[in-house]
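The lines below spell out each chain.
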Amino acid sequence: MKTTKQTLRLLGLMLVALLFGTTASMAQNKGKKTAKNELAGVWVMESMQFEGEKKTICGKNSGYAQVKYHGADGEYACAEIVTDGKTYNILPHEYGTYTYKDGVYTEMGRKPSPLSLSADGKHYYSQWLTRHDVWVRCTDMPKELIDDIIYRCKAAQTPSAKVQQMIKQSFFSK
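Since we're looking at a predicted model, the values are computed, not measured. (Residues numbered from 1 in each chain as written. Predicted model: local features only at pLDDT ≥ 70, side-chain atom pairs only at ≥ 80, totals over all residues. Heavy atoms only, no water.)

**Q** Go over the overall build of the chain with me, naming the residues and quoting the values.
**A** Scanning the chain from N- to C-terminus turns up three helices and nine strands. Across the chain, helices and strands are ordered from the amino to the carboxyl terminus as α-β-β-β-β-β-β-β-β-β-α-α. For the chain, with 174 residues in total, the buried portion stands at 26%. For the chain, contacts bridging at least 24 residues in sequence account for 47% of all contacts bridging at least 6. Only carbon and sulfur atoms are counted for the fraction: they give 59% of the accessible area of the chain, which is about 12,600 Å². (Helix = DSSP H or I, 4+ residues; strand = E, 2+ residues; numbered from the N terminus. Buried < 20%, exposed > 50% of the residue type's maximum accessible area, 1.4 Å probe, protein only. Contact = heavy atoms within 4.5 Å. Areas by Shrake-Rupley, 256 points an atom, 1.4 Å probe, with all protein chains shown as cover.)

**Q** So what's going on with the pairing of strand β3 (residues 64–70)? Which residues, and what values?
**A** Counting buried positions along β3 yields five of seven residues, so the element is predominantly enclosed. As defined by bridge partners, strand β1 (residues 41–50) adjoins β3 across four bridges and the pair is classed as antiparallel. Bridge pairing links V44 to V67 in β3. The pairing of β3 with strand β4 (residues 75–83) spans seven bridges and is antiparallel. Its bridge partner lying in β4, Y64 is registered against V82. Linking β3 back to β4 in an antiparallel pair, the connection comprises four residues, with G74 at a positive phi of about 95°. (Pairing = 2+ DSSP bridges.)

**Q** Please set out the side chain of S47 residue by residue, giving values where relevant.
**A** By the element assignment, S47 lies in strand β1. Residue S47 is classed as buried on the basis of its relative accessible area of 4%. Beyond its immediate stretch of four places on either side in the chain, S47 contacts K55, T56, I57, C58, H132, D133 and V134.

**Q** Can you explain helix α2 (residues 143–155)? Please cite residues and give values.
**A** Across its 13 residues, α2 extends 18 Å between first and last C-alpha, which sits within 8% of the 18 Å expected from 1.5 Å per residue. Listed in full, the buried residues belonging to α2 are I146, I149, I150 and C153. Angularly, the buried residues of α2 cover 95° about the axis, an arc narrow enough to put them on a single face. Counted as exposed and oriented over 90 degrees from the buried face of α2: E144, Y151 and A155. (Expected span 1.5 Å × (residues − 1). Arc of directions from axis to C-beta.)

**Q** So what's going on with the side chain of S118? Residues and values would help.
**A** You can see S118 is positioned in the loop between β7 (113–117) and β8 (123–128). Its relative accessible area of 15% is what places S118 among the buried residues. Of note is the side chain of S118, whose polar atom sits 2.6 Å from the side chain of D120. What S118 contacts, discounting residues up to four positions off in sequence, is H123 and Y125. (Polar contact = N/O pair within 3.5 Å; in protein donor to acceptor, adjacent residues only side chain to side chain.)

**Q** Which residues make up the pattern of salt bridges, and what values go with them?
**A** Under the defined criterion, the tally for this structure stands at seven salt bridges. R110 is the partner of E94 in a salt bridge, and the nearest nitrogen-oxygen pair spans 2.6 Å. Remark: R110 occurs in the loop between β6 (104–107) and β7 and E94 occurs in strand β5 (residues 88–101); sequence separation between them is 16 residues. E94 sits in the buried class, given a relative accessible area of 12%. D133 serves as the salt-bridge partner of R131, at 2.8 Å between the closest nitrogen and oxygen. Overall, R131 belongs to the buried group, its relative accessible area being 14%. (Salt bridge = Lys/Arg side-chain N within 4 Å of Asp/Glu carboxyl O.)

Next comes the structure, spelled out in structure tokens:
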């Protein structure tokens, strides 16, 4: 009987220790991002530069910007934002999926490219073919604008197979 009580006490103490350890671990990891969603959020291109060319500054006072939305679930939307100073337009680029793991980034299953995050998580640096981009995390964009960009990108999807066939026949067949 005494051994059973001691065993139960020992098991109880081990359970309490396990619970405290789990809680401490959860508290320590709170706010940390997993590799899958480190990019989650809205990013605005700060600059781009093709090898051998002058760096192009985007955004403020340039009349041109690119914006990317990365969802924590792998959702991806990209658009160009343009203005002539009077009218502001969203030009959808694409909508689909992305992956990011161990410094390797892929959009829509295309060829992977290197991507690195700054230590503070406010910038990322990527390379696509011979173009080097710098992106800045945007934390103050209104949700309504983000939703509109995503909606417009979704609407600009690849046409159905039937429509693609008509395009092929109308534009690319002799």
